[in-house]
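# Structural characterization, general
Each chain, written out:
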Amino acid sequence: MALPLDAINDGCVQEKNPFLKGHPRSTHLWWARRPLAAARAIIFAQMVDDPSSNPEKFSTYEDQENERQRLFKIIEQLVKWENINNEEIIGAARDEIKNSWVDTCKKSISEQHTLSLFDPTILPALHDPFAGGGAIPLEAQRLGLEAFASDLNPVAVIINKAMIEIPPKFTGQPPVNPELRLQSDELWTNATGLSEDVRYYGEWIRKEATKRIGHLYPKVRDDNGQDHTVSAWIWARTVKCPNPACGCNIPLASSFVLSKKKDKEAWIEPIINGNDFDFIIHKGKCPKSKETNKLSRGAIFKCPKCGETTTDAYVKQQAVNNMMGTQLMAIVVNSKSGRLYLPPTERQKKAAMIEKPENYPDGQMPTNPRWFSPPAFGLTEFNQLFTNRQLMALCTFSDLVMEVEERIIEDGGTKEYAKAVMVYLASGISQLSRYSCTICGWNKTNENVAQAFGRQAIPMVWDFAEANTLEGSLSITSTIEWPASVIKSLGEYGLAQQADAQKQNISSGKVISTDPPYYDNIGYADLSDFFYIWLRRSLKSVFPNLFSTLLVPKADELVATPYRHGGKAAAETFFLNGMGSAMHNLAEQAHPAFPVTIYYAYKQSDTVDEFGTSSTGWETFLEAVLKAGFTLTGTWPIRTERTKGLKGEVNALASSIVLVCRKRAEEAPVCTRRDFINELKRELKPALQKLQASNIAPVDLAQSAIGPGMGVFSRFSKVLEADGTPMSVRSALQIINQELDVYFTEQDGELDRDSRFCVDLYTQYAFNDMKFGDADVLARAKNTSVEKLVNRNIIYAQKGIVRLLSREEIPEKIDRNHNVWTLTQLLTKAIENQGIIGAAKIITDIFTSEPEHAKNLAYRLFTIAERKGWASEAYAYNSLIISWPDVQLKAAELKSQLNNAEQISFFNE
């Protein structure tokens, strides 16, 4: 079925709010997690047939459209974050899925499908074979389906167990801890008893840890003699000055600024003390010249003592030779007036200088510099990303998780229940590790410890912040609270297990919706080793098979990683073959009644040429999908980013595409290139007209056109080139892009001749200068003249130079001789400067079809601007079109007000 994309995109944007409470992402960090709103809407659309598929019930187009709009309204409510727990709305969606399934089963009897798969009393289950962060199976469960999640990565499996498998097992069960177990059983609806036990035994861990390692976190005394609990310690790495005459330990500080909060500013000043430095804390704004001693990218620092500068190579060599140290620069505490910054003390330095624990977990970091910078500086093992105190704390917490099992059983819980609680406790400790390591910076704007994974990589961090793991906002208590707070049973059954997508048979007879790896975008296995070592330490006894390897399995991970496969070409071949195998596996097993939906992050061009954009990952992925025997029946662009303030990143708006696939018929024919192009011309134009009529954003149009375009290509078993070789996906995409251009070029024929001239001028020169002679030739070809266009305030022409007037230069008043070009520019300018009401006022007095022509021209100009790389221009036209429905509504309102005023005036006369 079709989708109300704007509403879904708005729901996705809501979820981007980092302060959103109760979001399941609190269970554990995962990279590129799909928005729940998108997953919920896609599954609903996947399970509920479009009205056009039931002509007996909806016999006319009007009936079908009315029913479609009714379903749209359900989706529009379903995707709002505030409705995430609204039983009435969720229930309505579940009812639609059940009703559609009953209709499907009735239809299947006449089509002689396998009856065992078409029992109207049993909804099909859903499987996600690349489950990752678990958004898709979680939302399947919310919509009333049994949810199956599998992944090769053990970290992903644990996340999915915590979200879909464990909570249903303990719905309605009271807690076992001695403080709450005697309370009424009626209090423990859903899985609240489980969440309370996670909190209770998490607090027990903190108290027990305090007995064992509390002495490593001494209080600090301020100038007034008052003792404070330390919130964080701020450290700098150090190397010897390369100047032999100096020899001091240079603090490698990316920033000496502690706080940028207004009226709360603070900074550190290094003061020479022999071959070391002491640090003084200053209040107030830091002078620009003293903000850092880092001079440029890489490891290039200036010695505060002699002025000598390091080189990147020198620092790397010192680090590799184990000559890089650390030095405490500042201590952070909470006070009644906010953060208080204190200078280092000997007691605080000594408290941190302990030996490593004997049984810390470890593993070799990958040598891939794209995602891992530390190995180039001698930090080749994961344990080296933690201070000794951090290792001691995390090991202590992990030991206590293992002790919790026996304690829960003593308190009356079962062994299975104890293991369930341990999963959430281990997740909390794993979460703590990303705030308790030496790649955490200090956030000087918010005055807190920044997490290790600000992006999908492990960078080298020079000055780092160490949080207090026993007390404070980033202690063991808070990070265990994160998973505890979102434990919720959404269905009766869920199962998460480790499985290779190429070989698994879990998908058999199930609905499939999945979000596979994106070519080479993210190194999931390499990155998740950071968490795996801690989860394994806590949970190996609980899941011995899942944690049987020292690090996350990598050999079969479907990521095109050149360093792992001996080069880019070999990595691409590995990805294509592996993904093709996985997709073929899905095509063979998927439930015959439902399409398969596959998410793919649309990474904009590796290259741009006359045929449009080209993305190796995208083309390789499509190739794998089609070779697996799928045919594409649609594509849905899903935007998860806000559109405001993205003038340089228009292409980022459509951050992923959902492919709607069905298994290709075995008797699919072969066709020639000419046949393919003829079929494409016949089907693409009405599809594009429908997309434009639905007001799809221009930035999403090209991606949406892939659906009907590749739908034509993929319905054939082969498309043969003139020389008899099969056409590649890349060639097919280029042809689709060419036909997209033809479609917009044909729309130029509906324009007046002055506007056609302006489009040609814009295509070649934008708003830049051109020679008068060239402009005159072009104008004559369009049956207009430069002089006429100057008089109509469309172009500038003086001293042999001609150019289009910019939007800001065009007079705002529209006369009777206005053209579509001028109207489009004025509407675009109004949206930029005055918003919807400004644009609505412009078209209030226009009673022709020209506003729609202006909208169509904006699509055309967006396409030109995007192709040319004119980001701000593309953004402007995109903004006009996505605002178009609101502009029309406002214009209609203004016209109505004007008509009423005229009637009142008439009667008064």
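These numbers were taken from a predicted model, which means no experiment stands behind them. One numbering rule holds for all chains: residues counted from 1, following each sequence as written. Where totals are concerned, whole chains, interfaces and linings use all residues; where local detail is concerned, this predicted model gives features only for residues with pLDDT of at least 70, and gives and counts side-chain atom pairs only at 80 or more. Side-chain measures here rest on the full set of heavy atoms in the structure, leaving out hydrogens and waters.

### Some points on the overall build of the protein
The number of helices and strands found in the protein is 27 helices and 28 strands. Taking 29 Å as the expected radius of gyration for a compact globule of 909 residues, we find that the protein reaches 31 Å, a close match to that expectation. Contacts were defined at the residue level, with two residues in contact if any of their heavy atoms lie within 4.5 Å. For the protein, the share of sequence-separated contacts (at least 6 apart) that also reach a separation of at least 24 residues comes to 72%. Counting every atom, the protein has about 39000 Å² of accessible surface; 49% of that belongs to carbon and sulfur. Within this scheme the basic residues Lys and Arg register as positive and the acidic residues Asp and Glu register as negative, but His and the chain ends are omitted. To locate a charge, the coordinates of NZ of Lys, CZ of Arg, CG of Asp or CD of Glu are taken. Taking the average location of the 102 positive side-chain charges in the protein and that of its 110 negative ones, the two points are 5 Å from each other. In this text, helices come from DSSP runs of H or I with a minimum length of four residues, and strands from runs of E with a minimum of two, each type numbered from the N-terminal end. Here the globule rule reads 2.2 Å times residues to the power 0.38, and the radius of gyration is calculated from C-alpha atoms. Only the protein chains shown count as covering a residue, and every accessible area follows the Shrake-Rupley method with a 1.4 Å probe.

### Brief notes about the packing of aromatic side chains
Between two aromatic rings, the relevant description is the distance of the centres plus the angle of the planes. Only Phe, Tyr and Trp rings take part, Trp by its six-membered ring, and two of them pair if their centres are within 6.5 Å. Stacked means planes under 30 degrees apart, edge-to-face means over 60, and tilted covers everything else. Scanning all chains against the criterion turns up 29 aromatic pairs. Ring centres of Trp 101 and Phe 594 lie 5.7 Å apart, and the angle between their planes is 25°; on these two criteria the pair is classed as stacked. Of this pair, Trp 101 sits in helix H4 (residues 87–111) while Phe 594 sits in the loop between helix H15 (568–589) and strand E19 (596–600), placing them 493 residues apart in sequence. By the burial criterion, Trp 101 is buried, and Phe 594 matches it. Residues Tyr 217 and Trp 233 carry aromatic rings whose centres are separated by 5.9 Å and whose planes lie at 50° to one another, so their mutual orientation is tilted. One end of the pair, Tyr 217, is in the loop between helix H7 (192–213) and strand E3 (220–221); the other, Trp 233, is in strand E5 (residues 230–240), and 16 residues separate them in sequence. Here the term buried applies to any residue with accessible area under 20% of the maximum for its type, exposed to any over 50%, and partly exposed to those in between, with areas from a 1.4 Å probe on protein chains only.

### Re the state of the cysteines
Note on disulfides: each one is a pair of cysteine sulfur atoms within 2.5 Å. The full count for this structure, using the stated rule, is zero disulfides. With no disulfide partner, Cys 286 has as its closest neighbouring cysteine sulfur the one in Cys 303, 18 Å distant. Since its relative accessible area comes to 9%, Cys 286 is described here as buried.

### Brief notes about unusual backbone geometry
With phi around 55°, Ala 32 is a residue other than glycine that occupies positive phi space. Within the fold, Ala 32 resides in the loop between helix H1 (5–15) and helix H2 (36–47). Positive phi values are uncommon outside glycine, yet Ala 766 reaches one of about 55°. Summarising the element assignment, Ala 766 is placed in the loop between helix H20 (753–765) and strand E26 (770–771).

### What to know about the confidence of the model for the protein
Note: pLDDT gives the predictor's confidence per residue, expressed from 0 to 100. Averaged over all residues, the pLDDT of the protein is 88; the fraction at 70 or higher stands at 93%. Across residues 604–613, where pLDDT falls below 50, the model places 26 contacts with residues more than four positions away in sequence or in other chains. Counted against residues more than four places away or in other chains, residues 642–654, with its pLDDT under 50, gives 35 contacts.

### A closer look at the sheet that holds strand E28 (residues 801–804)
Paired strands are those between which DSSP finds at least two bridges. One open sheet holds the three strands; their spatial order is E26-E28-E27, and the pairing between them is antiparallel. Strands with a single pairing partner mark the edges of an open sheet, and in this sheet they are E26 and strand E27 (795–798). With four bridges connecting them, E27 and E28 associate as antiparallel partners. Looking at the pairing, Gln 798 lines up with Ile 801 of E28.

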